[in-house]
Amino acid sequence: MLSQVYRCGFQPFNQHLLPWVKCTTVFRSHCIQPSVIRHVRSWSNIPFITVPLSRTHGKSFAHRSELKHAKRIVVKLGSAVVTRGDECGLALGRLASIVEQVSVLQNQGREMMLVTSGAVAFGKQRLRHEILLSQSVRQALHSGQNQLKEMAIPVLEARACAAAGQSGLMALYEAMFTQYSICAAQILVTNLDFHDEQKRRNLNGTLHELLRMNIVPIVNTNDAVVPPAEPNSDLQGVNVISVKDNDSLAARLAVEMKTDLLIVLSDVEGPTVEQQGEMARSGGRMLATLEPEQRAEIIHHLADLLTDQRDEILLANKKDLEEAEGRLAAPLLKRLSLSTSKLNSLAIGLRQIAASSQDSVGRVLRRTRIAKNLELEQVTVPIGVLLVIFESRPDCLPQVAALAIASGNGLLLKGGKEAAHSNRILHLLTQEALSIHGVKEAVQLVNTREEVEDLCRLDKMIDLIIPRGSSQLVRDIQKAAKGIPVMGHSEGICHMYVDSEASVDKVTRLVRDSKCEYPAACNALETLLIHRDLLRTPLFDQIIDMLRVEQVKIHAGPKFASYLTFSPSEVKSLRTEYGDLELCIEVVDNVQDAIDHIHKYGSSHTDVIVTEDENTAEFFLQHVDSACVFWNASTRFSDGYRFGLGAEVGISTSRIHARGPVGLEGLLTTKWLLRGKDHVVSDFSEHGSLKYLHENLPIPQRNTN
């Protein structure tokens, strides 16, 4: 068994691996736990640790100077070590350097074993290339144009990537080791290979025979078939290391093979996402037990920090913008950008949330006297742990954090790498605010390289997923989520119907604001429905002139195109979210025709009628089945801040308890509290001594001053 775990940082390897071990902390344990191998120091941007193991004679290395005597060594290469920064493909230079150093040690007479990641990344690179090539060929054939639009890559299933990448990864290792006259052999394992006694003996025998023949075994979990791991299966009181990833595989292999040293290379500088989920749940429960005034105080403090630390925040944001320049489209750059006015607006919104949080968690919704001395209450409680995945928009982080704090929920945040600097400082400020009442861990920022698909599998850790970003992101998460509810909208196809009784003065203002004020937003106008009687009228001409001035590209719907001799390009689909200065115009016969169009082609997000006829307006408001339905108002009002919610975690078009902009109330659920005195159900039987009363009781008013 393992007797010591050293947390170390290496100096650069240029000749020999072991003499440069630099110990900083010593732990004692019977087995390696994932939490031990995560907090590490860096060498060449790759943190790693050494783990001296109990040797065959039972005595551990006592000093770092003794590590040079290690004979049998396991080296574990993490995903971030062997893969490139874009997570697709391998970091060939770094991998070649490591192989060289392992080869030097092998040629010195040591017995080296590798546990390697990288098959998924290698396979992802291959599959992405094949998909892009296939899409580009199809699109070129379809459009006949040389310029190809940006193509979306579907979610790539990790097991398929592993299957596609295993052979290529092994071929690469073989080519690299061959340069040093070393032979390598691949071994793919699963948990069953360690738990089935016969398979375990076979594996042990194979490894010993390879080492005897001076061959380097390259071991990996068979990710093409291995099921997702159960979190914390090592913490159930069983003194066995289960194989749920390559970290645990390296630990198990080191124990099985009685190795002298385990070297773990990784870039993970904090807890695993599973541990972050646990911390978020624990912190969220503590947060929920605070007094409402204490939660409000945390949010007020965060609002103050946003303005007090403005310069530091904007400096971090500037780094993100500089790195994103030329890589992100203009609408995404606008979302990424922070400013003094944005931070001031954020602070105002957070203070609104703080004010509304006074009567949120623990609010009594219903009281019922079931029988004498048996009373039932329904009260509001947090949902649990939220996973919010967002792209580009760093201002989302403090908004969502404040809503989670107000509702007593634990929170996992996964931001886009394009906003890494901004997200980091905003999260630090959030934790600083949480610290005033000792609940710092309630809000966690996931910095590891877990794919979104992997996060969506943590159904034991996460209670609700809220994606905020492109429609493609939302669709990918809805597809990937297994057993976890997803709150969000996949598209924001917002309509505006201009009725025959619309005001000339109002129409152009409303269309301009809805389409041109922020075209990348999900609540921007995408389809303009015009009553047929308005064609070739001054009102219609004013709308077209305004759109031309604003440089909005117009796409004609089928009916609209039929009225014109020379029409704009006909729309390819009436169900399109442009997210840019583009707009579909279609003609309808009346309000019912407009409603039918919206129900057929809309996304149930936000739809508007412009008219001076109150009866027509009310008919539209009552019959359009969307999350937000407006009369003579811009679609852009569909927003948590503008609704007075302080902020929103997103806009939901799902038909669940929370619909439209989701603020504090949408992050609460309920539980039932029953207070009795030795009551049993048999007392209420036909011959029992008690009868059900089911009397409604008054709800106590909470003091929110």
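The model shown is predicted, which means the values in this text are computed figures rather than measured ones.

Draft legend 1. Up close: the overall build of the protein chain. Counting its secondary structure elements, the protein chain contains 21 helices and 25 strands. By the burial criterion, 52% of the 705 residues in the protein chain qualify as buried. Long-range pairs, those at least 24 residues apart, make up 74% of the contacts in the protein chain between residues at least 6 apart in sequence. Split by element, the accessible area of the protein chain, about 32200 Å² in all, is 50% carbon and sulfur.

Draft legend 2. Broad picture of the side chain of Arg367. With respect to the helices and strands, Arg367 occurs in strand β10 (residues 364–371). Only 3.2 Å separates the side chain of Arg367 from the side chain of Glu375, close enough to count as a polar contact. Setting aside chain neighbours within four positions, we find Arg367 in contact with Glu375, Leu376, Glu377, Glu695, Asn696, Leu697, Pro698, Ile699 and Pro700.

Draft legend 3. Quick look at the confidence of the model for the protein chain. Averaged over all residues, the pLDDT of the protein chain equals 82, while 82% of them reach at least 70. Of all the helices and strands in the protein chain, strand β2 (residues 23–27) carries the lowest mean pLDDT, 29, while strand β16 (residues 494–498) carries the highest, 98.

Draft legend 4. Structural detail: the nonpolar core. If you look at the biggest cluster of nonpolar residues, it comprises 50 residues, and the most contacted ones within it are Leu287, Ile298, Ile299, Ile313, Leu411 and Leu413. It is helix α13 (residues 396–407) that contributes the most residues to this core, nine residues altogether. If sequence neighbours within four positions are ignored, Ile313 has contacts with Leu305, Leu306, Leu338, Leu343, Ile425, Leu426 and Leu429. Listed in part, the 31 residues of the second largest apolar core include Val498, Leu525, Ile544 and Val552.

Draft legend 5. Highlighting the environment of Pro467. Among the structural elements, Pro467 can be located in strand β15 (residues 464–468). Expressed as a C-alpha distance, the spacing of Pro467 and Lys414, which sit 53 residues apart in the sequence, is 9.5 Å. Apart from residues lying up to four places away in sequence, Pro467 is in contact with Ile389, Val474, Ile477, Val486 and Met487.

Draft legend 6. Spotlight on the sheet that holds β15. Strand order in the open sheet formed by four strands is β14-β13-β12-β15, and the pairing between neighbours is parallel. Edge positions in the sheet fall to β14 (443–445) and β15, since each of these pairs with one other strand and no more. The mean angle between the axes of side-by-side strands here comes to 20°, regardless of whether they run parallel or antiparallel. Sheet topology note: the strand β13 (residues 410–415)/β14 ladder contains three bridges and is parallel. Among the inter-strand pairings, Leu412 is bridged to a residue of β14, identified as Gln444. Docked against the sheet, α13 engages β12 (385–390), β13, β14 and β15, running at close to 165° with respect to β13. Sitting on the sheet, helix α14 (residues 420–434) touches β12, β13 and β14, and the angle it makes with β14 is about 160°.

Draft legend 7. Structural context of the sheet that holds β10. The antiparallel open sheet is built from four strands, whose spatial order is β24-β11-β10-β25. Since the sheet does not close on itself, it has two edges, and those belong to β24 (668–675) and β25 (695–696), each with one partner. By the bridge criterion, two bridges tie β10 to β25 in an arrangement that is antiparallel. Across the sheet, the residue bridging to Arg369 is Glu695, located in β25.

Draft legend 8. Looking closely at the environment of Leu528. In this structure, Leu528 sits in strand β17 (residues 525–531). Under the relative-accessibility criterion, Leu528 is labelled buried at 0%. Excluding residues within four positions of it along the chain, Leu528 makes contact with Met496, Val498, Val511, Ile543, Leu583, Cys584, Ile585 and Glu586.

Draft legend 9. Focus on the pairing of strand β19 (residues 582–588). Taken across its seven residues, β19 has six buried, putting it largely inside the fold. When β17 meets β19, the two strands line up parallel, connected through five bridges. Across the sheet, residue His531 finds its bridge partner in β19, namely Val588. Bridge count between strand β18 (residues 553–556) and β19: four bridges; the pairing is parallel. Among the inter-strand pairings, Ala556 is bridged to a residue of β19, identified as Ile585.

Draft legend 10. Representation of unusual backbone geometry in the model. The phi dihedral of Arg536 is positive, around 60°, even though this residue is not glycine. Note that Arg536 resides in the loop between β17 and α18 (538–549). Overall, Arg536 belongs to the exposed group, its relative accessible area being 63%. Here the phi dihedral of Asp678 falls at roughly 65°; this positive angle occurs in a residue that is not glycine.

Conventions we followed
Per chain, residues are indexed from 1 in the order of the written sequence. In keeping with the model being predicted, local features are shown solely for residues with a pLDDT of at least 70 and side-chain atom pairs are shown and tallied solely at 80 or more, while totals for entire chains, interfaces and linings include all residues. Neither water nor hydrogens contribute to the side-chain values; these are computed over all heavy atoms in the structure. Strands are runs of DSSP state E lasting at least 2 residues, helices are runs of H or I lasting at least 4, and numbering of each runs from the N terminus. Residue burial is assigned from relative accessible area. The probe radius is 1.4 Å, only protein chains are included, and a residue is buried under 20% of its type maximum, exposed over 50%, and partly exposed in between. Throughout, a contact is declared for two residues whenever any of their heavy atoms are within 4.5 Å. Here the accessible surface of atoms and residues is derived via Shrake-Rupley with a 1.4 Å probe, and residues count as covered only by protein chains that are part of the display. Whenever a nitrogen or oxygen atom comes within 3.5 Å of another N or O atom, the pair is scored as a polar contact, on the condition that within protein one atom can donate a hydrogen and the other can accept it, and that pairs from neighbouring residues in sequence are kept only if both atoms are in side chains. Values of pLDDT, which run from 0 to 100, indicate the predictor's confidence residue by residue. Nonpolar cores are built from buried Ala, Val, Leu, Ile, Met, Phe, Trp, Tyr and Cys residues. Side-chain atoms within 4.5 Å join them into one set. Strand pairing is assigned whenever DSSP identifies at least 2 bridges connecting the two strands. To get an axis, a line is fitted to the C-alpha atoms, and for a helix only the part in contact is used. The angle between two axes follows their N-to-C directions and goes from 0 to 180 degrees.

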